[in-house]
Amino acid sequence: MPVSDTPAGRPALDQGRLADVAGWQVEVVPETPSTNALVSDCARAGTAEGLVITTEHQTAGRGRLDRGWTMPPRAALAVSVLLRPDVPAERWPWLPLMTGVAVVGAVRELGYDAGLKWPNDVLAHGRKLCGILVERVEAPADSSTGDGAAAVVGIGLNTSLTAEELPVPTATSLALEGGAPVDRTEVLVTLLRHLSASYAAWRERPDELAATYVELSVTLGQRVRAELPGGGALVGAATGIDRYGRLEVLPDRADDTVAVGAGDVVHLRPAPTTDTGMQ
Ligand code: BT5
């Protein structure tokens, strides 16, 4: 569907208002399989930090661990941001968490309630409003233009999906949370402003960003069941996040916490009280 063909209630993104948001270079494409794939190509070609690609219709969105991400045209934001952080690689696992802080800050500024589920979800009233996928892109060894490693920060935020359009029953959208029409352009402008602030805090004041993350987390303090790739699970209290972005879990009847990285957890679910310890 061409961008000018605007369904009632779902206007196209307003490129004029996106022209200069907090120093980001925003491009709107009518349709693409995945904004993360597009930005990854740009990263490999040596594009500088600050590129943002969004689309009116993402047709084959990527989730973590080869899962998919689906959204009807103009009913959601699919956004990818190219970063080249001057931060040691060991701290990059914090990037999805930093992004979550920005999303929650933006969503709350716009009047909605939201919190952070480790590692990469933004929830509203327990339902998934936004998913985040950060991919590391290495410059090819033979590249004359590549400029070292980049991070592609992908954000999928459900704006005006109706209950019937939700891809899974555990999802929600801003419209369903607030009951009013949602201006996607305003949401994106607010999000990019918050992303600038969170990104600066992560680089320059990581302890402050971490404290903000803890305040916004709905995972910490809960009993959780972290399902692991081999089929086992770690069950216990979620007690903290370490400097590498790993979730610290205190298994039942154990004295020491165990840290699990996002890449090691297939699903993180609330744990029934009957679950016990390492399995
Ligand atoms: C994520 O993966 O939550 C990361 C999603 C990132 C999507 C953005 S959109 C812009 C950029 N370009 C891309 O290609 N990707 C990024 P994960 O935690 O694996 O969650 C995926 C699961 O969420 C799926 O298996 C479904 O169960 C569910 N899901 C799919 N679409 C959804 C939606 N629109 N809202 C809520 N849940 C959804």
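Small disclaimer: the values here were computed from a predicted structure and weren't measured.

Q: Explain the sheet that holds strand E10 (residues 223–227) to me, using residue names and the numbers behind them.
A: On the basis of which strands lie adjacent, the open sheet formed by 5 strands has the order E13-E12-E11-E10-E14 and antiparallel pairing. On the outer flanks of this sheet lie strand E13 (258–260) and strand E14 (267–270), each paired with one strand and no other. Adjacent strand axes in the sheet meet at a mean angle of 45 degrees when their direction is disregarded. As paired elements, E10 and E14 share 4 bridges and run antiparallel to each other. Each bridged residue has a counterpart across the sheet, and for Val-224 the counterpart in E14 is Pro-270.

Q: Quick one: what's the story with the nonpolar core, residue by residue and with numbers?
A: Taken as a class, soluble globular proteins show a tendency for nonpolar side chains to be buried jointly. Formed by 63 residues in total, the largest nonpolar core has its most connected members in Leu-83, Trp-118, Val-122, Trp-202 and Leu-247. When residues of this core are assigned to domains, at least three fall in each of domain 1 (15–213) and domain 2 (223–268). The contacts of Leu-247, once residues within four sequence positions are left out, are Trp-118, Thr-219, Leu-220, Ala-238, Gly-240, Ile-241, Val-258, Ala-259, Val-260 and Leu-268. Judged by nonpolar contacts, the second largest core, of 9 residues, contains Val-29, Leu-51, Ile-53 and Val-137.

Q: Tell me about the site of the ligand, and please be specific about residues and values.
A: Taken together, 27 residues surround the ligand, and among them Ser-34, Arg-62, Arg-67, Thr-70 and Lys-128 come closest. Taking 800 Å² as the accessible area of the ligand by itself, protein coverage stands at 91%. When contributions to the shell around the ligand are tallied by element, the ones reaching two or more residues are helix H1 (35–44), strand E3 (61–62), strand E4 (68–69), strand E5 (76–83), strand E8 (127–137) and strand E9 (150–158).

Q: Before we move on, could you go through the domain arrangement of the protein and cite the residues and values that matter?
A: With domains assigned, the protein is organised as domain 1 (15–213) and domain 2 (223–268). Between domain 1 and domain 2, the C-alpha centre-to-centre distance is 25 Å. With 12 residues of domain 1 at the contact, the number on the domain 2 side is 14 residues. Summed over both partners, the interface of domain 1 with domain 2 buries about 1100 Å², with 61% contributed by carbon and sulfur atoms. The largest per-residue losses of area from domain 1 upon contact with domain 2 belong to Glu-90, Trp-94 and Trp-118, which jointly make up 50% of the total buried on that side. Put simply, domain 1 and domain 2 have 1 salt bridge between them. The salt bridge involving Glu-90 is made with Arg-243; its shortest N-O contact spans 3.5 Å. Of the residues belonging to the side of domain 1 that touches domain 2, the class tally is 7 nonpolar, no polar and 5 charged.

Conventions used here
Residues numbered from 1 in each chain as written. Predicted model: local features only at pLDDT ≥ 70, side-chain atom pairs only at ≥ 80, totals over all residues. Heavy atoms only, no water. Pairing = 2+ DSSP bridges. Helix = DSSP H or I, 4+ residues; strand = E, 2+ residues; numbered from the N terminus. Axes fitted to C-alpha atoms, helices over the stretch in contact; angles between N-to-C directions. Core = buried A, V, L, I, M, F, W, Y, C linked by side-chain atoms within 4.5 Å. Buried < 20%, exposed > 50% of the residue type's maximum accessible area, 1.4 Å probe, protein only. Domains from an automatic or database assignment. Contact = heavy atoms within 4.5 Å. Near = heavy atom within 4 Å. Areas by Shrake-Rupley, 256 points an atom, 1.4 Å probe, with all protein chains shown as cover. Buried area = accessible area lost by both parts, 1.4 Å probe. Salt bridge = Lys/Arg side-chain N within 4 Å of Asp/Glu carboxyl O. Nonpolar A, V, L, I, M, F, W, Y, C, P; charged D, E, K, R; others polar.

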